[in-house]
Amino acid sequence: MIFSPLPGTPTVTQGFGQNPEIYQQYGYLGHNGFDFGVPEGTKVFAPHDGLCTVKDDGANGYGKYVTIDAPTRRSFLAHCSQILVQNGQSISQGDPIALSGNTGSSTGAHLHWTFKIMKNGAVQNKTNGYDGAMDCSEVTRLWQQQSLHQHAQYTDAAKPYLSMTLTANQVIKNTTGA
Ligand SMILES: [Zn+2]
């Protein structure tokens, strides 16, 4: 089970699979993750346990970002203003890992989250049109503590692309084993 990386009621500004015309250039069928429209400096929490890799693409791509690797899953939290963990650091689900930002190829302050299923060190479903990235709304539940995370809100443009509506403490059926 994974958790949403943001507390409160983050607005999803771009859902999974949205805007195919923009993502063609990267070889994707559409947006390969979730975008949360949060102000720069918003604390980002680990959606799951894992080992951190810290990278900085500068003005390109994901900008400052952290990858969290676990045997069954991998997350990318991108466009951050600051990374709060060290390269190679082992972290637990819910640990603060970064501050959101507007670095890399980004047109406004937001957090981008890509989620992939892993098995035996390999990304699964790599030929799904998103290099294995999946709609993590399928396997996400929100923070159990109401003070940390309640329900998310979505822009009208993002709604049709979401397979669920997040509500407080909702547990999502996990169809992937992640
Ligand atoms: Zn994005």
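Residues numbered from 1 in each chain as written. Predicted model: local features only at pLDDT ≥ 70, side-chain atom pairs only at ≥ 80, totals over all residues.

The next thing to look at is the nonpolar core. Residues Val44, Val66, Leu77, Cys80, Ile97, Ala98 and Leu111 are the most contacted members of the largest nonpolar core, which totals 29 residues. Contributing elements (two or more residues each) for this core: β3 (34-36), β4 (43-45), β6 (64-70), β7 (73-83), β9 (96-100) and β10 (111-119). Ranked by the residues each element gives to this core, the list is headed by β7, at four residues. (Core = buried A, V, L, I, M, F, W, Y, C linked by C-beta atoms within 7 Å. Buried ≥ 20, exposed ≤ 12 C-beta atoms within 10 Å, placed from the backbone. Helix = DSSP H or I, 4+ residues; strand = E, 2+ residues; numbered from the N terminus.)

Moving on, we come to the pairing of β9. Pairing analysis gives three bridges linking β4 to β9, with the strands arranged antiparallel. Bridge pairing in β9 places Phe45 opposite Pro96. Bridge analysis of β7 against β9 gives three bridges, and the strand direction is antiparallel. Pairing of Gln82 across the sheet is with Leu99, part of β9. (Pairing = 2+ DSSP bridges.)

Before going further, it helps to spend a moment on the environment of Gly41. Locating Gly41 in the fold gives a position in the loop between β3 and β4. Looking at Gly41, the number of C-beta atoms within 10 Å reads 12, which means it is exposed. Put simply, Gly41 and Asn102 are 61 residues apart on the chain and 9.5 Å apart in space, counted from C-alpha to C-alpha. What Gly41 contacts, discounting residues up to four positions off in sequence, is Ser81, Leu99 and Ser100. (Contact = placed C-beta atoms within 7 Å.)

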